[in-house]
Amino acid sequence: MSDAPFVEVSAARKEYAKSGTKIAVFENLDFSMEKGAFVALMGPSGSGKSTLLHAIGGLERLTSGTISIDGRSIAGESEARLSRWRAETVGFIFQFYNLMPMLNAAGNIELPLLLLSLGAKERRRRVEEAADLVGIAHRLRHRPREMSGGEQQRVAIARAIVSEPPLLLCDEPTGDLDRETSREVLEILQSLCRDLGKTILMVTHDPSAAEFADRTFTLDKGQLDLAGMAA
């Protein structure tokens, strides 16, 4: 394993303008993750957890500071290059699944592959492989309304990993699930980290969900508690 962090955030500042006043969500924030780590990020609502997650995934831009993923700085990338980079590097998993209701599970899982230069046969192979990894292969022809919340989240996870990205960013992935289904989803994430070497950053409010991660960090009042850095 390389000594260099896989995810490295340095001197990060993010601010928003509100009623003519600039409000900092966080500032001078440093954060790093090793390749293959599973890290939970906790903190109260409004602390900037999701903002940091989205910045790492290239969905939001920092006001200042740098973000590097696997040695590549993404801070100054054009939108076109950033979009291509996301398609190849990052898988997103959200609380509310964000599935297309008119598509069946296979169609939803395939969506990220449409951004890549792949033939229909290769796309189909990857969809089936991703679905099998998360235990949803038997539901590929079903639409979201025909599936339970847990099944829909499995489809969302399959969609996140189908392009074989090294980084998974999860924003409250169990927030809309019952306890047992949450455990099943978290065990899938653990398996993806342990068996496939995915690097996973998960925002969560749930301490029991954070226990599935290797380390837990807390972001509060713009400050990051690095106590979770200890092994």
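For the structure itself, look to the data block above.
Residues numbered from 1 in each chain as written. Predicted model: local features only at pLDDT ≥ 70, side-chain atom pairs only at ≥ 80, totals over all residues. Heavy atoms only, no water.

Caption draft 1: Representation of the side chain of threonine 174 within the structure. Inspection of the secondary structure assignment puts threonine 174 in the loop between β7 (167–171) and α6 (179–196). You can call threonine 174 buried: its relative accessible area is 8%. Once residues within four sequence positions are removed from consideration, threonine 174 is found in contact with Ser182, Val185, Leu186 and Ala209. (Helix = DSSP H or I, 4+ residues; strand = E, 2+ residues; numbered from the N terminus. Buried < 20%, exposed > 50% of the residue type's maximum accessible area, 1.4 Å probe, protein only. Contact = heavy atoms within 4.5 Å.)

Caption draft 2: Quick look at the packing of aromatic side chains. Tallied over the full model, the rule gives 2 aromatic pairs. Between phenylalanine 31 and phenylalanine 217 the ring centres are 5.3 Å apart and the planes differ by 80 degrees, which places this aromatic pair in the edge-to-face class. Within this pair, whereas phenylalanine 31 is found in strand β2 (residues 21–33), its partner phenylalanine 217 is found in strand β9 (residues 215–220), the two being separated by 186 residues in sequence. Owing to a relative accessible area of 1%, phenylalanine 217 belongs among the buried residues under this scheme. An angle of 5 degrees between the planes, with centres 5.9 Å apart, marks the rings of phenylalanine 92 and phenylalanine 94 as stacked. Given a relative accessible area of 23%, phenylalanine 94 falls into the partly exposed group. (Phe/Tyr/Trp six-rings, centres within 6.5 Å; stacked < 30°, edge-to-face > 60°.)

Caption draft 3: Local environment of the sheet that holds β9. The mixed open sheet is built from 6 strands, whose spatial order is β6-β7-β8-β3-β9-β10. Each end of this open sheet is capped by a strand with a single partner; those strands are β6 (90–94) and β10 (223–225). Going across the sheet, the axis of each strand differs from the next one's by a mean of 20 degrees, ignoring polarity. In the sheet, β9 pairs with β10 via 3 bridges, with the strands oriented antiparallel. Counterpart to leucine 219 in the pairing with β10 is leucine 224. (Pairing = 2+ DSSP bridges. Axes fitted to C-alpha atoms, helices over the stretch in contact; angles between N-to-C directions.)

Caption draft 4: Main features of helix α1 (residues 49–56). Within α1, 7 of the 8 residues are buried, leaving the element largely enclosed by the surrounding structure. Along α1, the positions that sit buried rather than exposed are Lys49, Thr51, Leu52, Leu53, His54, Ala55 and Ile56. Within two residues after α1, glycine 58 carries a phi angle of roughly 75 degrees, on the positive side.

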